[in-house]
Amino acid sequence: MRSFYPETKLYSLAILSILLVFVVSSCSLTRGLKENQYLVRGVKVDSVDKEFSESALLYVDRLQQPNSWFNLQLYYLFNKKGNKDLGEAPAILDSNLVEFSRLQIQKFLRNKGYLKTQVISDIKTKNKKAYLTFTARQGPLFRIRNVQDSIGDTNVQALYRVNRRRFSHVQPGGRFDMDSLAYDRDEFYQVMKQNGYYDFYRQYMNYNYDTTFNNSVVDIKVMIDSPPGRKFHPIYKINNTLITIATSNGRTSGNADTLKVDSQFTFVDYSHRFKPDAVTRYIFQHKGDIYNIDQQTLTTSRLSELNVFRNVPNPIYFKVPDSTNRRLNTRIDIIPLKKMSDRVEVEFLHSSQGFLDFFSGSGYGFNVGNTFTHRNVFKHAEILQVKFNYSVLLGNSANQISRGGVQNQDFKIGVNLAFPRIIAPIDLPVLGKYGVPHTTFSSNFQLFYQNGLVKRRSFINSITYDWMETSRKQHSFTPISFEFSNGTIDPAARDALLKQNRFSYIYLIGRTVYTISTQYTYQLNFNKLNSLDDFVYFRGSLDIGGNTMSLLAKALNTPRDTTGARTLFGYPFAQYSKAEVDLRFYRTLGGERQFIFRINAGAGVPYGNSNQLIFEKNYYAGGANDMRAWLPRTLGPGQFNRDFYGTDTTTRDRLKYLDQFGEIKVVSNLEYRSKLINNFYGTKVKGALFMDMGNIWRIKDAPENPGGKFTFNNLYKSTAIGIGAGLRFDLQFFVFRLDAAFKFKDPQFDGADQYVLLKNFGELFKKGQFKSDYQDSHGEPYRFMQLNFAIGMPF
């Protein structure tokens, strides 16, 4: 038996060494300061209205803001080596910056309606540390008494008065707020630009306000001037549009494909790669339309979303000379992306008894993916993608079947062809107001191999429509998805399963079956997933298959197979319904701190021609985005314990990563994220603390999975809990993630024994009685910890 005590000692020494460095380095935060220098360690603003107390602190100069302890220690440790990008330089007291901060806070409060505000600053020093206090004497809050307007152009006056009620923050009785005045100016500027006033500028709109200091009230007059020498603001309409597409390196020289498309569009393509309708379809300003800045922004956004152009600037407008009806010619200059690109993604999973057995060759897996993209296949901005994915899970059992190391392999290859429009038998309007719609033709092949047990092949063809209802609501509809799957069981395994009456496994993995299904998915707020806003994300999907085939089989009275299932075209078909929900709550706690709660629940029900879901439709638990303390396919269902196989180690090894499946899944996640280092060799580093809770369950009692049935009475008892921490390295283009997750509550055990981390904490990084007993009963070591390396956030 391998001893883990030496590893534990080395690991402990390494941790102690790291801690010692920080303890020694933290003896003095002020080390290295000159005799007359002080380190700013505290800043506060007193006597400020609670509504503005946090905002007022932001007006303290950045160089006078206290450092975080961690970033300051990094600076001290690495600055001596010439690496000034690590950590933060010490915030050294500067009286000039303190005075500048005082004036900024005073200006901020006056802008918020406290026109008599006076702010004083106070500096206290002790032990080379400085503490700043800014105290405000706010005085009374000034409120708005009257609002009037003075607008010479009667059309502009009518437009202002109609829209003011909708956007204005400047109302009688409200706070006199300079930010609100600026907001109103910006809002009306947009209104003018939406209604044809191409020549309107913010400077035309000004405010006169009269303050009565004794009564603390303000009278405001809104003034909108006309252009010099005119009594009115002109309205412009769209005329001709020139579209120029450069080469991918930005050149516009040499021969070009030039085409006069219609009375509005002229198309010039130096790349020779595009047809005109690839661009004109998503230009929303047409000849004769009144100029509208929103349509201009919409055009730029949709052309960028096509994902075939590298640079799509806002359209450039030119006034037509000597035009009595004030027309605008438009030019749109575009630079395309490279025609082809390739992206590789790697994910590594590891379950470990100690850090030093990380590469011991047991209890880990990896996932390699590659995506090849060809943009603009048929010159209409279509995107062809060829995706390859290869996953391997390795075991460590000494049993003969798994001695080779590889437990299962999953190979996938798929081809997707996406058209940036809805392709349908009837003409439909361009659904591009909130996003580019897509029609995607997809074909995917999957080969799943379980060592010593089965090879399964599945082939899926589908057509899917994606479109945006609003900027927050996305729909995805797959009217038809054809799925064919075939399994070949290892002869020795088949004979053994038959002798043990395990017909359900033979039926699950060894049959040939197909289905035709319809699928629908709805998403809310998916566009905010990379933001720090407070929002709720929802994703719901429904998958229904086999009903049409069932009606056809019954109408034709087709024969049944040996299991009693009806066949169609010589093979049985699957009939089922499956629904899944992913609900997340994102809350920002200030700065880049964020809290996320997620619940992911789903259920699949076989019926009619099926008494069991097909292999690919079942749920499995574990992995880098799920229950992170368990490897994929190693949790559940329910309280199922693999010591159920007893001395039959051959069957247990054969069914590893396969026998833990279910028709029901409920997983919830809690995660707290915060920024640790702002610049770590050009990378922003964030930390995460998380807890994962959930499991999968069988919908009915199953003799092959005792304890696996879902019941509400047994829900908590059969729920797994994992805890952990992680690092996220934000490289701008993608996020590299490292998570260390620990099993806290393992439902395969009973009672207090479920709380494995608390009860067996002493065996976290060494082998003791618990791990020895588990090894004897399960034929493999128990692993408290799993390391997950992945690209992208877990949710």
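This write-up is about the structure you can find in this document. Going along each chain's sequence as written, the residues are numbered from 1 onward. For this predicted model, a pLDDT threshold of at least 70 governs which residues receive local features, and a threshold of 80 or more governs which side-chain atom pairs are given and counted, while totals over whole chains, interfaces and linings are taken from all residues. Side-chain metrics rest on all non-hydrogen atoms present in the structure, leaving aside hydrogens and water.

## Looking at the packing of aromatic side chains
How two aromatic rings sit relative to each other is set out by the distance from centre to centre and by the angle between their planes. Ring pairs shown here join Phe, Tyr and Trp side chains whose ring centres sit within 6.5 Å, with only the six-membered ring taken for Trp; geometry is labelled stacked below 30 degrees between planes, edge-to-face above 60, and tilted in between. If you walk through the whole model with that rule in mind, you get 43 aromatic pairs. Seen from their ring centres, Tyr 291 and Tyr 317 are 5.2 Å apart, and the 85° between their planes marks the pair as edge-to-face. Taken together, the residues span a long stretch of sequence, with Tyr 291 in the loop between helix H7 (277-280) and helix H8 (293-305) and Tyr 317 in strand S11 (residues 316-319) at a distance of 26 residues. Of the residues examined, Tyr 291 reaches a relative accessible area of 3% and is grouped as buried. Given the relative accessible area of 9%, Tyr 317 is considered buried. Ring plane angle 65° and centroid distance 6.3 Å describe the contact between Phe 366 and Tyr 390, whose orientation is recorded as edge-to-face. Linking Phe 366 in strand S14 (residues 364-375) with Tyr 390 in strand S15 (residues 383-394), this pair joins segments that are 24 residues apart in sequence. The buried label goes to any residue with under 20% of its type's maximum accessible area, the exposed label to any with over 50%, and the partly exposed label to all in between, with areas taken from a 1.4 Å probe on protein chains only. Take Phe 366: its relative accessible area is 28%, and that puts it in the partly exposed class. Classification of Tyr 390 by relative accessible area gives partly exposed; the value is 25%. Counting every residue linked through ring pairs, the aromatic cluster contains Tyr 160, Phe 167, Phe 188, Phe 200, Tyr 201 and Tyr 204. Each helix corresponds to a stretch of at least 4 residues labelled H or I by DSSP, and each strand to a stretch of at least 2 residues labelled E; elements are numbered beginning at the N terminus.

## Some details on the nonpolar core
One finds Tyr 160, Phe 176, Phe 188, Phe 200, Ile 220 and Ile 224 to be the most contacted residues of the largest nonpolar core, which totals 24 residues. Only strand S4 (143-151), helix H5 (154-167), helix H6 (178-194), strand S5 (205-212) and strand S6 (217-224) provide two or more residues apiece to this core. With 5 residues, the single largest contributor to this core is H6. Two residues qualify as a contact provided that any one of their heavy atoms is within 4.5 Å of a heavy atom in the partner residue. The residues touching Phe 176, leaving out its near neighbours within four places in the chain, are Asn 111, Lys 112, Gly 113, Leu 115, Phe 142, Arg 143, Ile 144, Leu 181, Tyr 209, Val 218 and Ile 220. What is meant by a nonpolar core is a set of buried Ala, Val, Leu, Ile, Met, Phe, Trp, Tyr and Cys residues, joined one to another through side-chain atoms within 4.5 Å. Phe 274, Tyr 282, Ile 332 and Ile 334 belong to the second largest nonpolar core, which has 21 residues in total.

## A look at the pairing of strand S9 (residues 265-269)
For a regular strand, side-chain orientation follows a simple rule: the groups alternate between the two sheet faces. Within S9, 4 of the 5 residues are buried, which leaves the element mostly enclosed by the surrounding structure. Any two strands are treated as partners once DSSP identifies two or more bridges connecting them. Taken together, the 5 bridges between strand S7 (residues 237-245) and S9 define a ladder with parallel strand orientation. Note on S9: the bridge partner recorded for Ile 245 is Asp 269. Pairing of strand S8 (residues 257-260) with S9, which is carried by 4 bridges, proceeds in the antiparallel orientation. Counterpart to Leu 259 in the pairing with S9 is Phe 267.

## What about the pairing of strand S3 (residues 129-137)?
Taken together, the 7 bridges between strand S1 (residues 39-46) and S3 define a ladder with parallel strand orientation. Residue pairing across strands places Asp 46 opposite Thr 135, the latter belonging to S3. Direction of pairing for strand S2 (residues 118-126) relative to S3: antiparallel, over a ladder of 9 bridges. Along S3, the bridge assignment pairs Ile 123 with Leu 132.

## What about the environment of Gly 152?
Note that Gly 152 resides in the loop between S4 and H5. Separated by 80 residues in sequence, Gly 152 and Phe 232 have C-alpha atoms that sit 7.4 Å apart. Once residues lying within four places of it in the same chain are set aside, the contact partners of Gly 152 are Ile 224 and Lys 231.

Treat this as a map of the structure, not an account of what it does.
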